[in-house]
Amino acid sequence: MTENSTLVVALTRKLPEGIEKRMAELFDLIAHRHDRAMTRRELQTAVETADVLVPTLSDSIDAELLSHASPRLKLIAQYGAGTDNIDIDAAHRAGITVTNTSNVLNEDTADMTMALILAGQRRLVEGSRQLLSDGAWPGWSPDFMLGKRLSGKKLGILGMGRIGTAVARRARAFGLEIHYHNRSPVSSKTETELAATYWDSLDQMLPKVDILSVNCPYTPATYHLLSRRRLSLMQPEAFLINTARGEIIDEPALIDLLEQGKIGGAGLDVFEAQPTLDPRLVRLAQENRVILLPHMASATREARIDMGEKVIINIRTFMDGHRPPDRILPNRA
C-alpha cells in the first residue's frame with residue numbers, strides 16, 4: 001500500500017471546504033468541483049484511478065461499476081451513514097473495504113423528526129403560507145388554524161436504535177406517550193427512562209398510535225415494511241413521519257390512502273425515487289395535506305464537518321494497516 005502522502009483519494013461530490021483542505025494536506029486529492037452527482041463515466045474513471053473512493057448516497061456503486069476498479073482501489077469510504085447505494089458483497093469479493101460515517105447524524109435527524117411532528121400537528125407550514133398571499137389572512141379568530149395538542153398523544157417509533165431513542169427523548173419532553181417496535185426490546189433502563197411500551201407486533205402497534213415516526217435502517221428486510229396492508233391499519237387521523245429512507249414505505253400506497261383520507265397526513269424528508277417526486281405528492285403538499293422536505297434531516301454544518309472527519313479517520317486508520325472504526329461487513333443473514 002502506498003504511503004499516505006501519495007495516496008490517491010477521489011471525491012464524488014464537493015465536500016465542506018475545511019474538510020477538502022485537510023484531505024488535500026494528507027492525500028493526493030482528486031476533488032469534484034461541481035455540486036452534482038457524478039455521471040456513470042466519471043464514477044468509472046474514479047474507480048479506475050483511485051486508491052480510495054469517497055462516494056455519497058447519490059452514487060450507485062454496484063457490481064458492474066466495481067468490475068472496472070483498478071487493483072489499487074482498496075477502500076470505499078462512504079461520506080454518509082447509509083450504504084444501500086453500495087454493493088457491499090461485490091466490494092468484499094473484490095477485496096475492497098467499505099466504511100461509513102455512523103453515529104454522526106443521530107441528534108440532527110432526531111431534531112428534524114421532532115420538527116416535522118410539531119409542524120404536522122400544529123399546521124406550521126400551512127399557517128406560514130397564509131401570510132404569503134395578500135388578503136389571505138383574515139385575522140385572529142377562536143377557530144382559525146386549529147391544530148392538535150401534542151401532550152397525551154401516542155407516538156409510535158419504528159426502529160428504536162440511536163436515532164429512534166433520541167426522538168423518544170425529545171418527544172417525552174413534549175408529553176407524548178412513547179410506543180415502539182424493534183427487532184428486540186431496548187434495555188429496561190431505557191424503557192423506564194422513556195416510559196416506553198414495546199410492541200413485538202408492528203401490526204398491533206400501528207392502530208394504537210396517533211403519530212408514527214420511521215427511524216429504522218433501510219435493508220432488504222425493511223423494503224416496503226410499511227406496505228399498503230400495514231398503512232391501512234393506521235388511524236384515519238394518524239400522521240406519518242419519515243426521516244429514514246423512502247424505500248421503507250410503499251409510497252404509491254401511502255399516496256392513495258392520503259388521497260382517500262384514510263391517513264391524516266405525512267411529513268416526508270425522503271422518497272422512493274428521489275430526487276424525483278411523485279406529482280401526486282406535490283399536489284398533496286400544495287393542498288397542505290403533507291409536508292415535504294428535500295432530504296435535509298441531517299443537514300447541519302456541524303454534521304457535515306463531523307462526517308468529513310470520520311472519513312479521514314477511516315482512511316488513515318485503514319492505510320496504517322488497522323481496522324477502520326466504521327467498517328461495514330457483508331450481510332450474511
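Cut-offs applied
- Residues numbered from 1 in each chain as written.
- Predicted model: local features only at pLDDT ≥ 70, side-chain atom pairs only at ≥ 80, totals over all residues.
- Heavy atoms only, no water.
- Axes fitted to C-alpha atoms, helices over the stretch in contact; angles between N-to-C directions.
- Helix = DSSP H or I, 4+ residues; strand = E, 2+ residues; numbered from the N terminus.
- Left-handed = near helix turned anticlockwise from the far one by under 90°.
- Contact = heavy atoms within 4.5 Å.
- Nonpolar A, V, L, I, M, F, W, Y, C, P; charged D, E, K, R; others polar.
- Pairing = 2+ DSSP bridges.
- UniProt positions renumbered as here; feature names shortened; annotations may be inferred.
- Domains from an automatic or database assignment.
- Buried area = accessible area lost by both parts, 1.4 Å probe.
- Salt bridge = Lys/Arg side-chain N within 4 Å of Asp/Glu carboxyl O.
- Polar contact = N/O pair within 3.5 Å; in protein donor to acceptor, adjacent residues only side chain to side chain.
- Buried < 20%, exposed > 50% of the residue type's maximum accessible area, 1.4 Å probe, protein only.
- Right-handed = clockwise from strand over helix to strand, strands pointing away.

Student: Let's hear about the packing of helix α11 (residues 251-259) against helix α12 (residues 279-286): which residues, and what values?
Tutor: For the pair α11 and α12, the least separation of the axes is 10 Å and the interaxial angle reads 35 degrees. Like other packed secondary-structure pairs, α11 and α12 cross with a definite hand, here left-handed. Residue-level inspection shows Glu251, Pro252, Ile255, Asp256, Leu258 and Glu259 of α11 in contact with α12, the latter providing Arg280, Leu281, Arg283 and Leu284. Each residue belonging to the contact of α11 with α12 can be placed in one class, and the counts come to five nonpolar, no polar and five charged.

Student: Summarise the sheet that holds strand β9 (residues 211-214); cite the residues concerned and give the values.
Tutor: The strand order β8-β7-β6-β9-β10-β11-β12 describes an open sheet built from seven strands, whose pairing is parallel. Of all the strands in the sheet, the pair left with one neighbour each is β8 (197-198) and β12 (290-292). Sheet strands touched by helix α7 (residues 162-173): β6 (154-158), β7 (177-181) and β9. Its angle to β6, the strand with the most contacts, is close to 170 degrees.

Student: Go over the UniProt feature "domain: D-isomer specific 2-hydroxyacid dehydrogenase NAD-binding" (unreviewed entry) in the protein chain, please, and point to the residues and values.
Tutor: Here the UniProt feature "domain: D-isomer specific 2-hydroxyacid dehydrogenase NAD-binding" (unreviewed entry) sits at residues 114-297. As annotated, residues 114-297 comprises 33% helix and 15% strand, and the C-alpha atoms at either end are separated by 10 Å.

Student: Outline the domain arrangement of the protein chain, supporting the account with residue identities and numerical values.
Tutor: Domains assigned within the protein chain are domain 1 (8-100 + 301-328) and domain 2 (105-292). Centre-to-centre, using C-alpha coordinates, domain 1 lies 32 Å away from domain 2. Listed per partner, the contact involves seven residues of domain 1 and four residues of domain 2. Overall, the association of domain 1 and domain 2 removes approximately 410 Å² of surface from exposure, summing both partners, and the carbon and sulfur fraction of that is 59%. Between Arg245 and Asp84 there is a salt bridge; the shortest N-O distance is 3.4 Å. Where domain 1 meets domain 2, there are one residue pair in polar contact (both at pLDDT 80 or more).

Student: Lay out the sheet that holds strand β1 (residues 8-11) in plain terms, naming residues and giving numbers.
Tutor: Taken in spatial order, the six strands make up an open sheet running β2-β1-β3-β4-β5-β13, and their pairing is mixed. Two strands in the sheet have a free side with no partner beyond their single neighbour: β2 (28-30) and β13 (327-328). Where β1 and β2 come together, three bridges link them in parallel fashion. Each bridged residue has a counterpart across the sheet, and for Val8 the counterpart in β2 is Asp28.

Student: Got a sec to walk through the pairing of β1? Specific residues and values, please.
Tutor: The alternating pattern of β1 places Val8 and Ala10 on one face and Val9 and Leu11 on the opposite face, and all of these are buried. Between the parallel pair β1 and β2, the chain is carried across by helix α1 (residues 17-26), and the sense of this crossover is right-handed. The sheet contact formed by β1 and strand β3 (residues 52-54) spans three bridges and is parallel. Along β3, the bridge assignment pairs Leu11 with Val54.

Student: I'd like a rundown of the pairing of β6, residues and numbers included.
Tutor: Counting buried positions over the five residues of β6 gives four, a clear majority of the element. In this sheet, β7 lies alongside β6 in parallel orientation, the contact comprising five bridges. Considered in β7, the bridge of Leu155 is made with Ile178. Taking the sense of rotation as the criterion, the β-α-β connection linking β6, α7 and β7 turns out right-handed. Sheet analysis places β6 next to β9, joined by four bridges and oriented parallel. Bridge assignment links Ile157 to a residue of β9, and that residue is Ser213.

Student: I'd like to hear about the pattern of salt bridges, residue by residue, with values.
Tutor: Scanning all chains against the criterion turns up 22 salt bridges. The closest approach of N and O atoms between Glu25 and Arg22, which form a salt bridge, is 3.8 Å. With a gap of three residues between them, Glu25 and Arg22 both fall in helix α1, about one helical turn apart. Glu25 gets classed as exposed once you look at its relative accessible area, which sits at 54%. Arg280 is the salt-bridge partner of Asp278, the closest N and O atoms lying 3.8 Å from each other. On the basis of relative accessible area, Arg280 is assigned to the partly exposed category, the value being 24%. Members of the salt-bridge network, linked through shared partners, are Arg228, Asp256, Glu259, Asp278, Arg280 and Arg283.

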